[in-house]
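The primary structure of each chain is shown beneath.
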Amino acid sequence: MAEPEAVRQVVRDLDIEWTSPAIDLVLTGPGGGAWRVGDGEPIAEITEDAGALMRLLSGRSDECELRFEGSATGSLLLRAARVLF
């Protein structure tokens, strides 16, 4: 189960390093919430379980659906991102 503060910190770290077009990130389940990652108008809204996204960003698993509305590029960029934690 993802802890809410840990999820918030990982998303903040992702945002700090994000140089791609902005995305809106909607995380579900424990630790979920909504954030804008990047600057400017978002190219996509991406929805995923918070725990699954934490595993993806850590490089431990890529078994995420990354459901999106808008540009598929947003989900591809997020799938390639890594955050050390």
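Just so it is clear, the structure is predicted and the values come from calculations on it, not from any experiment.

A.B. asks: Which residues make up helix α1 (residues 4-17), and what values go with them?
C.D. replies: Taking 1.5 Å as the rise per residue, α1 with 14 residues should run 20 Å; its terminal C-alpha atoms sit 20 Å apart, in good agreement. The set of residues buried in α1 consists of Val-7, Val-10, Val-11 and Leu-14. Down the axis of α1, the smallest arc covering the buried residues is 95°, so these residues share one side.

A.B. asks: Got a sec to walk through the pattern of salt bridges? Specific residues and values, please.
C.D. replies: Throughout the structure, instances matching the rule amount to 4 salt bridges. Glu-5 is the partner of Arg-12 in a salt bridge, and the nearest nitrogen-oxygen pair spans 3.0 Å. When its relative accessible area of 39% is taken as the criterion, Arg-12 is described as partly exposed. The class for Glu-5 is partly exposed, based on a relative accessible area of 44%. Two residues, Arg-67 and Glu-65, come together in a salt bridge whose shortest N-O distance is 3.7 Å. With relative accessibility at 61%, the residue Glu-65 sits in the exposed group. One network of salt bridges, with partners in common, ties together Glu-5, Arg-8 and Arg-12.

Parameters and conventions
- Residues numbered from 1 in each chain as written.
- Predicted model: local features only at pLDDT ≥ 70, side-chain atom pairs only at ≥ 80, totals over all residues.
- Heavy atoms only, no water.
- Helix = DSSP H or I, 4+ residues; strand = E, 2+ residues; numbered from the N terminus.
- Expected span 1.5 Å × (residues − 1).
- Buried < 20%, exposed > 50% of the residue type's maximum accessible area, 1.4 Å probe, protein only.
- Arc of directions from axis to C-beta.
- Salt bridge = Lys/Arg side-chain N within 4 Å of Asp/Glu carboxyl O.

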